[in-house]
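# A structural walkthrough
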Amino acid sequence: MSLDCWIFIVCTNSTEGVYSLQAQLINMGVIPTLVKLLGIHCQNAALTEMCLVAFGNLAELESSKEQFASTNIAEETFISSQVLVILLTYPLDAIKLQLVEAGLVECLLEIVQQKVDSDKEDDIAELKTASDLMVLLLLGDESMQKLFEGGKGNVFQRVLSWIPSNNHQLQLAGALAIANFARNDGNCIHMVDNGIVEKLMDLLDRHVEDGNVTVQHAALSALRNLAIPVVNKAKMLSAGVTEAVLKFLKSEMPPVQFKLLGTLRMLIDAQAEAAEQLGKNVKLVERLVEWCEAKDHAGVMGESNRLLSALIRHSKSKDVIKTIVQSGGIKHLVTMATSEHVIMQNEALVALALIAALELGTAEKDLESAKLVQILHRLLADERSAPEIKYNSMVLICALMGSESLHKEVQDLAFLDVVSKLRSHENKSVAQQASLTEQRLTVDS
């Protein structure tokens, strides 16, 4: 097969036949050959572009990973920024580690240092490319950990210095780099203990009014990741992260809204006092209810629902429930119980059970209007419902029996028939709860 022919095949969008030919070419060693071509013909723009397209297509094939890992790309070829972007977005840590060990990081940091004070268009572009590539290098777990060096590494310290800079591109890259470093608990704990939260809050504060949206998004991403370890939550709450994040509640940018919601949800996990404080914040709850209807932005809508549920689940507060009822949030929690995601269904059902146990009278009308009882009947009758969904649906049914109107709806829908069948469910918890629920329904019938 000629060179032109096989390059054409790997550059062609994958159909079933082309996919098979591409797999055969990988078995024949096409990746090392492409790498050598890049090295030999790096000045040939057309051939370089074809090789990049080929790399992008081959990256979709699982069988290409081993060849990429065994090819020392850093030694084989002169690497342009275009090639680096393709290689660094490829989902294989070995490539990123090779490039780190070959000294790419030092080169990138040198470029940043040389270009940071320049206002020339070409220099600004080089600075952006170098800092972007630095962030991409940190997407690999091994390369990221090697560069972190227990929080004492030169690279980590240099990246930290970007955050308080006056250059928006370096602020962005610095925050994204911290978000990438914050991918395991050990790194997160070290960074929080050594003052990174304050640096990120200062950065956010500089971008509250008409700020740079990408910087806002990156800083919130970093804070969200840092808030995942249990030991960090109280420290971050004490540092005032909640207040810093709430300053962006007015934002109309979905990426910022999404990260804001995720950060708050992580912060209040198992933090009852913080959850209650936020749950009684009427402006926040009203904004959440508004975002629960953001059908054009599924991520924002989903995170709003999850935070609404989390405020109830972690606070177990009557005042929080009343605030959510008054703000019109009940219907969204009921809709959330029908989500295609089991984790969201479950979070909604647990929150609704707490509402029924603590403030049923307050929420009664809203639960009726949202047709909760009919939805619970469907969930229990549906064989596809996960065991935890069936279990929590029955717990909720029992809690609703304290309402005369909801009790009547349960009787009218003949729940006993559905529940009795679940007594023989293969999941013991479901079977036991079915027996308890059947008894409750029988007594109250």
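Residues numbered from 1 in each chain as written. Predicted model: local features only at pLDDT ≥ 70, side-chain atom pairs only at ≥ 80, totals over all residues. Heavy atoms only, no water.

## Quick look at the overall build of the chain
In plain terms, the rule: Strands are runs of DSSP state E lasting at least 2 residues, helices are runs of H or I lasting at least 4, and numbering of each runs from the N terminus. Note on classification: 1.4 Å probe, protein chains only; a residue is buried when its accessible area is under 20% of the maximum for its type, exposed when over 50%, partly exposed between these limits. Contacts are assigned to residue pairs with any non-hydrogen atoms lying within 4.5 Å of each other.
Helix and strand counts for the chain come out as 30 helices and zero strands. Among the 445 residues that make up the chain, the fraction classed as buried is 51%. Put simply, 71% of the contacts in the chain that link residues at least 6 apart link residues at least 24 apart.

## Observations concerning the packing of aromatic side chains
To be explicit about the condition: Under the pairing criterion, centres of Phe, Tyr and Trp rings, with the six-membered ring standing for Trp, must be within 6.5 Å; the plane angle then separates stacked pairs below 30 degrees from edge-to-face pairs above 60, leaving the rest tilted.
For the structure shown, the criterion picks out three aromatic pairs. One aromatic cluster is present, built from ring pairs that chain together F148, F156 and F181.

## Overview of unusual backbone geometry
Across residues other than glycine, the phi torsion is negative in most instances, and most of the peptide bonds are trans. In this structure, E149 is a non-glycine residue whose phi angle is positive, near 50 degrees. Relative to the helices and strands, E149 resides in the loop between α11 (141-148) and α12 (154-162). The backbone of A270 shows a phi angle near 65 degrees, a positive value even though the residue is not glycine. When you line up the elements, A270 lands in the loop between α19 (254-268) and α20 (272-279).

## Looking at the environment of G302
Along the chain, G302 falls in helix α22 (residues 298-315). For G302, a relative accessible area of 14% translates into the label buried. Separated by 37 residues in sequence, G302 and S339 have C-alpha atoms that sit 9.3 Å apart.

## Considering the UniProt feature "repeat: ARM" (unreviewed entry) in the chain
Just so we agree on the cut-off: UniProt positions are given in the numbering used here, feature names are shortened, and annotations may be inferred rather than shown by experiment.
In the UniProt entry, the feature "repeat: ARM" (unreviewed entry) is given for residues 195-227. For residues 195-227, helix accounts for 73% and strand for 0%, while the C-alpha atoms at its two ends are 14 Å apart.

## Brief notes about the packing of helix α26 (residues 372-381) against helix α27 (residues 387-400)
Between two packed helices, what matters for the description is the angle formed by their axes and the separation of those axes. Stated precisely, the cut-off is as follows: Where helices are involved, their axes are fitted lines through C-alpha atoms of the stretch in contact, as for all axes, and angles between N-to-C directions lie from 0 to 180°. Here a crossing is taken to be left-handed if its near helix is turned anticlockwise relative to the far helix by less than a right angle, and right-handed if that turn runs clockwise. Under the scheme applied, nonpolar residues are Ala, Val, Leu, Ile, Met, Phe, Trp, Tyr, Cys and Pro; charged residues are Asp, Glu, Lys and Arg; polar residues are all the others, including Gly.
Contact geometry for α26 and α27: axes closest at 9 Å, N-to-C directions at 145 degrees. Here α26 and α27 pass one another in a crossing that is left-handed. Counted together, L372, V373, L376, L379 and L380 of α26 and I389, K390, S393, M394, L396, I397 and L400 of α27 form the full contact between these two elements. Here the residues of the contact of α26 with α27 sort into ten nonpolar, one polar and one charged.

## So, the side chain of S131
Following the sequence through the fold, S131 ends up in helix α10 (residues 121-137). Owing to a relative accessible area of 0%, S131 belongs among the buried residues under this scheme. Sequence-distant contacts of S131, defined by excluding residues within four places in its chain, comprise V112, W162, Q169, L170 and A173.

## Re the packing of α19 against helix α21 (residues 282-291)
Spelled out, the test is: Note on terminology: angles under 35 degrees are roughly parallel, angles over 145 are roughly antiparallel, angles of 65 to 115 are roughly perpendicular, and the others are oblique.
In contact at an axis separation of 13 Å, α19 and α21 are set at 125 degrees when each is read in the N-to-C sense. On the basis of their axis angle, the class for α19 and α21 is oblique. The two elements α19 and α21 cross, and the hand of that crossing is left-handed. Counting all contacts with α19, which are made through Q257, L260, L261 and L264, the residues of α21 involved are L284, R287, L288 and W291. Partitioned by chemical class, the residues of the contact of α19 with α21 number six nonpolar, one polar and one charged.

## Regarding the side chain of D123
Selection criterion: What qualifies as a polar contact is a pair of N or O atoms within 3.5 Å, subject to a donor-acceptor requirement within protein and to the restriction that residues adjacent in sequence count only when both atoms come from side chains.
Summarising the element assignment, D123 is placed in helix α10. Separated by 2.7 Å, the side chains of D123 and S118 make a polar contact. With residues near it in sequence (within four places) discarded, D123 still touches K115 and S118.

## Focus: the nonpolar core
Our working definition: We define the nonpolar core as a collection of buried residues of types Ala, Val, Leu, Ile, Met, Phe, Trp, Tyr and Cys that are connected through side-chain atoms lying within 4.5 Å of one another.
In terms of nonpolar packing, the biggest core is built from 123 residues, with I178, F181, L200, L226, L367 and L400 touching the most fellow members. Looking at this core, the element that brings in the most residues is helix α25 (residues 342-369), giving twelve residues. Among all residues touching L226, those that are not within four sequence positions of it are I178, A182, C188, M191, V192, I196, L200, N232 and M236. With seven residues, the next largest nonpolar core counts L25, I26, V30 and L34 among its residues.

## A word on the confidence of the model for the chain
How we decide: Every residue is assigned a pLDDT by the predictor, reflecting its confidence on a scale from 0 to 100.
Of all residues in the chain, 82% attain a pLDDT of 70 or more, and the chain-wide mean is 86. Predicted confidence for residues 1-18 stays below pLDDT 50, and this span has 34 contacts to residues more than four positions away or in other chains.

## A closer look at the environment of P387
Looking at the element boundaries, P387 is found in helix α27. Sequence spacing of P387 and H425 is 38 residues, and the spatial spacing of their C-alpha atoms is 8.9 Å. Excluding anything up to four places from it in sequence, P387 contacts H425, N427 and V430.

## Some remarks on α26
Burial analysis of α26 places seven of its ten residues in the buried class, which makes it a mostly covered element. Turning to α26, its buried residues number three or more, namely L372, V373, I375, L376, H377, L379 and L380. Packed against the buried residues of α26 are α24 (330-336), α25, α27, α28 (404-412) and α29 (415-421).

## What to know about helix α23 (residues 318-326)
The complete set of buried residues in α23 reads V320, I321, T323, I324 and V325. Where α23 is buried, its residues meet α20, α21, α22, α24 and α25. With a side-chain oxygen positioned 3.2 Å from the backbone nitrogen of D319, the residue opening α23 is S317. One or two residues past the end of α23 sits G328, with phi positive at roughly 85 degrees.

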